[in-house]
Every structure is written in structure tokens, then in C-alpha cells.
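Geometric and topological summary
One letter stands for each residue in the lines below.
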Amino acid sequence: MCHVSGYLNEMSSLHEEQQLRSRTDKKDGSHGTGEDEPKGETTVPRKKRERRHRIFKHQESYLTELTDNNPHIQTLFNCGVVMTLMLWIFDIMKNSAEEGRFYLDMSTYHVVFGPWQNQVKSVLIWLVLLAAYFSVHPLFKLWIKLHHYIGRPADIFFILLFCVYNAVAHIAVILLILHFNFDTAPAVFLSIEQTRFTMQSHSFIRENAYKVLWPWNEDDETGPPVWFQGQITPKIGKFSQYVYFTFAPTLIYRDHYPMLKEIRWKKAIWYLLQFGGILSCTIIILKNFIRPHLDLLHENPLKHGMLALTNCMLVGIFFLIMAGVCFLHLWQNFGAELTRFGDRQVYGPWWRCIEFRTFYREWNLLVHDWIHCYIYEDLRAVRSIVAKFSFDFSIFSYSVVDTVTLLCLRQH
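A few points on the structure. Here the residue index of a chain counts from 1 through its sequence in written order. Owing to the predicted nature of the model, reporting of local features is limited to residues with pLDDT of at least 70; listing and counting of side-chain atom pairs is limited to 80 or more, with chain, interface and lining totals taken over all residues. Derived side-chain values reflect all non-hydrogen atoms in the structure, with water molecules and hydrogen atoms excluded from consideration.

1. A look at the packing of aromatic side chains
The criterion, for reference: Stacked, tilted and edge-to-face pairs are distinguished by plane angle, under 30 degrees for stacked and over 60 for edge-to-face with tilted covering the rest, among Phe, Tyr and Trp rings (Trp via its six-membered ring) whose centres lie within 6.5 Å. Numbering of helices and strands runs from the N terminus; a helix is a DSSP stretch of H or I covering at least four residues, while a strand is a stretch of E covering at least two. Note on classification: 1.4 Å probe, protein chains only; a residue is buried when its accessible area is under 20% of the maximum for its type, exposed when over 50%, partly exposed between these limits.
For the structure on display, the rule yields 31 aromatic pairs. Judged by centre distance (6.3 Å) and plane angle (75°), the rings of phenylalanine 77 and tryptophan 270 are edge-to-face. Separated by 193 residues along the polypeptide, phenylalanine 77 in helix H3 (residues 71–99) and tryptophan 270 in helix H11 (residues 265–295) bring together distant segments of the chain. Given a relative accessible area of 25%, phenylalanine 77 falls into the partly exposed group. Taking the relative accessible area as the measure of exposure, tryptophan 270 reaches 43% and is therefore partly exposed. Their ring planes at 55° and their centres at 5.2 Å tell us that tyrosine 257 and phenylalanine 341 sit as a pair that is tilted. Of this pair, tyrosine 257 sits in the loop between helix H10 (239–247) and H11 while phenylalanine 341 sits in the loop between helix H12 (301–339) and helix H13 (356–363), placing them 84 residues apart in sequence. Per residue, the accessibility class of tyrosine 257 equals that of phenylalanine 341, and both read buried.

2. Let's talk about the nonpolar core
Quick note on the threshold: As used in this record, nonpolar core signifies buried Ala, Val, Leu, Ile, Met, Phe, Trp, Tyr and Cys residues forming a set joined through side-chain atoms within 4.5 Å. Note on contacts: a residue pair qualifies if any of its non-hydrogen atoms lie within 4.5 Å across the two residues.
Ranked by internal contacts, the top residues of the largest apolar core, which has 40 residues, are Tyr133, Trp143, Leu190 and Trp370. Contributing elements (two or more residues each) for this core: helix H5 (116–134), helix H6 (136–150), helix H7 (152–180), helix H8 (184–213), H10 and helix H14 (365–380). Apart from residues no more than four positions distant in its own chain, tryptophan 143 is found in contact with Ala154, Asp155, Phe158, Ala209, Val212 and Leu213. Judged by nonpolar contacts, the second largest core, of nine residues, contains Tyr271, Met322, Val325 and Cys326.

3. Focus on unusual backbone geometry
One non-glycine residue, asparagine 181, lies in positive phi territory at about 55°. As for its position among the elements, asparagine 181 is in the loop between H7 and H8. The partly exposed category is assigned to asparagine 181, whose relative accessible area is 41%. Positive phi is not limited to glycine here, since arginine 340 has a value of about 60°. Within the secondary structure layout, arginine 340 lies in the loop between H12 and H13. Under the relative-accessibility criterion, arginine 340 is labelled partly exposed at 28%.

4. Describing empty space enclosed by the protein
How we decide: Put plainly, a pocket is an open set of points on a 1 Å grid over the protein atoms alone with protein on both sides within 12 Å along at least five of seven lines, a cavity is a set where a 1.4 Å probe fits but cannot get out, and a lining residue has an atom within 4 Å of a point. Grid points are joined across faces, edges and corners, and a volume is the space filled by probe spheres set on the points. Polar here means any residue outside two lists: the nonpolar Ala, Val, Leu, Ile, Met, Phe, Trp, Tyr, Cys and Pro, and the charged Asp, Glu, Lys and Arg; Gly therefore counts as polar.
All chains considered together, the criterion is met by two cavities of 30 Å³ or more. Lining of the largest cavity is provided by 13 residues; of these, Arg54, Phe56, Pro249, Thr250 and Leu366 occupy positions nearest its centre. Considered as a void within the structure, the second largest cavity measures approximately 40 Å³ in volume. Lining the second largest cavity we find Leu63, Gly324, Val325, Leu328, His329, Tyr347, Trp350 and Trp363. Tallying contributions element by element places H12 first for the lining of the second largest cavity, with four residues. For the lining of the second largest cavity, the per-class residue count stands at six nonpolar, two polar and no charged.

5. Some thoughts on the side chain of threonine 339
On the secondary structure map, threonine 339 appears in helix H12. In this structure threonine 339 touches Tyr244, Phe247, Ala248, Pro249 and Met259, once residues within four positions along its chain are discounted.

6. Details of the environment of leucine 294
Checked against the element boundaries, leucine 294 lands in helix H11. Classification of leucine 294 by relative accessible area gives partly exposed; the value is 46%.

7. Notes on the side chain of histidine 329
Rules: Polar contacts, as counted here, are pairs of nitrogen or oxygen atoms within 3.5 Å of one another; within protein the pair requires one atom able to donate a hydrogen and one able to accept it, and residues that are adjacent in sequence qualify only if both atoms are side-chain atoms.
Here histidine 329 lies in helix H12. A polar atom in the side chain of histidine 329 sits 3.4 Å from the side chain of serine 61. Among residues more than four places away in sequence, those in contact with histidine 329 are Ser61, Leu63, Thr64, Tyr271, Gly324 and Tyr347.

Here is the structure:
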């Protein structure tokens with residue numbers, strides 16, 4: 001994967017090479033000859049840095065490799081399954097003892113997901129958003145035709161149209177969430193999905209517009225390595241490829257991805273069962289350790305506030321880890337099995353990171369790859385104007401604001 005550290009190492013080695021050549025030239029007497037040289041320029045031409053591209057390949061996710069190849073990690077995984085079963089038994093016995101009969105308390109599930117009517121409405125809204133997202137492909141084909149006839153005016157018009165589409169879609173999602181008073185799960189679901197549609201449509205347009213503005217052929221040897229991997233072709237992506245890209249576990253568009261020969265249904269079902277188990281455990285912990293103190297917060301704000309804060313600190317670490325395992329490992333692998341997607345590296349080994357910036361990258365490679373390709377690399381193109389700290393801070397701010405907005409929409 002393309003990391004920022006790789007670029008810094010490359011530039012550092014280039015700088016050392018320039019200094020070495022400069023000292024060699026001084027020893028040879030090339031300097032101080034009285035010849036007029038431009039002030040501040042070096043005699044060694046600077047190597048042009050190529051834009052880095054994400055290249056997909058067949059590889060399993062890190063947790064899958066650990067659990068399949070390491071019996072000790074498999075033992076820890078089995079312990080997690082046992083703890084899940086114990087939590088279910090604990091919740092059922094506790095609720096049944098309080099009610100005096102066999103009882104399954106679903107109140108917390110209703111608080112998180114809301115009534116079934118709102119869940120149906122959220123699915124219908126998602127279908128409308130999906131239809132609007134699919135309309136990007138025919139509009140892009142229309143832009144190609146108009147671009148050949150009228151040129152820049154068509155470019156400006158469709159850029160503005162794409163910006164308006166994204167702005168209207170995001171505003172509409174927020175207004176609909178507030179209007180129907182969606183609960184946490186439907187609200188976060190719609191917000192994340194619209195954000196995903198925006199990022200994927202942007203990737204599709206960027207990768208295919210390059211073929212229109214700077215056409216190339218398969219015999220061209222000056223293009224990026226991704227051309228020679230067979231993942232990008234000179235032809236514009238078909239609608240079927242656009243649809244596959246929509247449901248593939250990636251935010252970077254390619255004409256072709258490494259794919260498995262068949263769907264491994266047993267693995268897909270196992271991933272889905274694990275996803276449901278971890279999600280139910282998270283709700284059980286929320287119901288038994290957090291919600292009681294929040295319900296009593298109005299009686300004694302100081303006491304129950306401190307208890308809720310303490311429990312949230314302890315349970316929050318568990319929630320963070322379970323969110324990564326649940327959504328980035330299990331759900332993405334489930335989608336990858338259904339689409340036969342070969343590259344499962346949607347996260348890195350974040351558990352061995354000792355720096356926050358490294359952890360922040362490795363935690364979610366899906367979003368990091370997109371930010372690196374379409375924000376970081378573009379800001380690198382104007383690095384003579386924008387300082388390194390400025391665009392590093394801009395990338396971090398964009399990611400933080402986007403994440404916090406998604407998680408806080410429910411708190412209106």
C-alpha cells in the first residue's frame with residue numbers, strides 16, 4: 001500500500017544522492033571555475049516523482065491469516081466465541097429472573113434500530129440514493145460526447161453538476177433523518193452509504209476521465225504500473241463494471257480486480273454469523289453496563305454520571321476494537337465473498353502500531369487509500385504552495401470531520 005513514509009524515504013534518499021554528487025563535483029573541480037551558474041540551482045537534475053497508484057492483488061485479511069495459520073490465535077478466537085455464548089446466557093437468565101418467566105428483552109434493540117416502519121423507510125431512501133448514484137455513469141458518457149464537441153464549457157458544467165449532486169444528496173439525507181426522527185442505526189446507515197456513494201463516484205470519474213483527457217493505448221510504456229497489471233484499460237468502464245464496483249469492498253475504481261473462481265458460501269455464512277454475534281454482544285453490554293446509569297442520570301447526575309463515565313471508558317475500548325473487527329473485518333469479508341473479490345486487505349496490522357498516525361492509517365485502509373489517491377496526491381502536486389504540515393493537517397481534519405459528522409447526526 002502507498003504510505004506517506006514511503007514517499008519521505010524516497011525523497012530522503014534522493015536528497016542524499018544529490019549531496020553525494022555535489023561533493024564529488026567539488027572534488028573534481030567542477031565548481032569555482034568562474035563560470036556563470038544560476039544561483040540556487042544544482043547540477044543534478046531532480047527526479048520527477050511519479051503519482052502512486054493502488055494495485056490490487058490476491059491476499060487475505062490479516063485476522064484471517066492469523067486465525068488460519070496460528071493455532072494460538074485460533075485458541076483466543078475460540079475463547080471469544082465462548083465469551084459470546086456466556087454473554088447471551090447471562091442476558092437471558094438476568095431478564096428471566098427479573099420477569100419470573102423466560103423473557104428476551106428487545107428494548108435496547110428497538111432503541112438502536114427503531115421501529116420497523118423507520119427501517120423500511122431507510123431502505124427505500126437508500127434505494128433512491130442508489131438510483132441517483134447509478135445515474136452518474138450515463139451522465140459521464142454524455143460528458144464524453146459533449147467534451148469532444150464543445151470542450152471546456154462541458155467540463156465546467158459537469159463538474160458543477162457533480163458538485164451539486166453531492167451537496168443535494170448529503171443535505172437531503174440529513175433532512176430526511178431529522179424529519180423521520182430515525183434512530184441510531186438507520187441514521188448512521190444512510191449517512192455512511194451516501195458518503196460511500198460520493199467517494200466511489202468520484203473515484204470512477206477520476207480514473208475514467210484520465211482516459212478521455214490523456215488517451216493512451218496498451219503499448220504505451222510511459223504510464224503508471226497499474227496499466228500494465230491489467231487493472232486499468234484504455235476503454236471507458238462499462239455500466240456492469242460500475243455496478244460491481246459499487247458492491248465491492250473498495251473505494252478505488254479499477255476496470256478489473258483480482259477475483260476468486262467461485263463464492264465460498266460456508267465462509268460467507270460464517271462471517272455473517274460472527275457479525276451478528278459481535279453486534280448482539282455489543283448491544284448486551286450497552287444494555288447492562290451503560291444504559292442503567294444513563295436512565296438514572298436525572299435522579300443523581302453526579303453519582304450516575306461518574307458511574308456512566310467510568311463504564312464508558314472501560315467499555316469504549318471494547319467497542320472500538322469490536323467496531324473494527326465487526327465492520328472492517330467481518331462485514332467487508334462477507335461482501336468480498338459474495339462478490340468474489342480477491343484483495344481483502346481493508347485494514348493493516350494496527351494492533352502493533354506505536355504511533356498514532358500509523359495506527360490511524362492502518363485502522364481503515366479503505367478510506368486511507370481513497371484519501372491518499374485523491375486528496376494527498378493532489379495536494380502533493382501543489383507542494384510548492386502548500387506546506388507539508390498544511391496538507392497533512394488538511395487530510396487529518398477531513399477524515400475527522402467526516403467521521404464525527406457521521407456519528408453525531410443522531411444527536412440532533
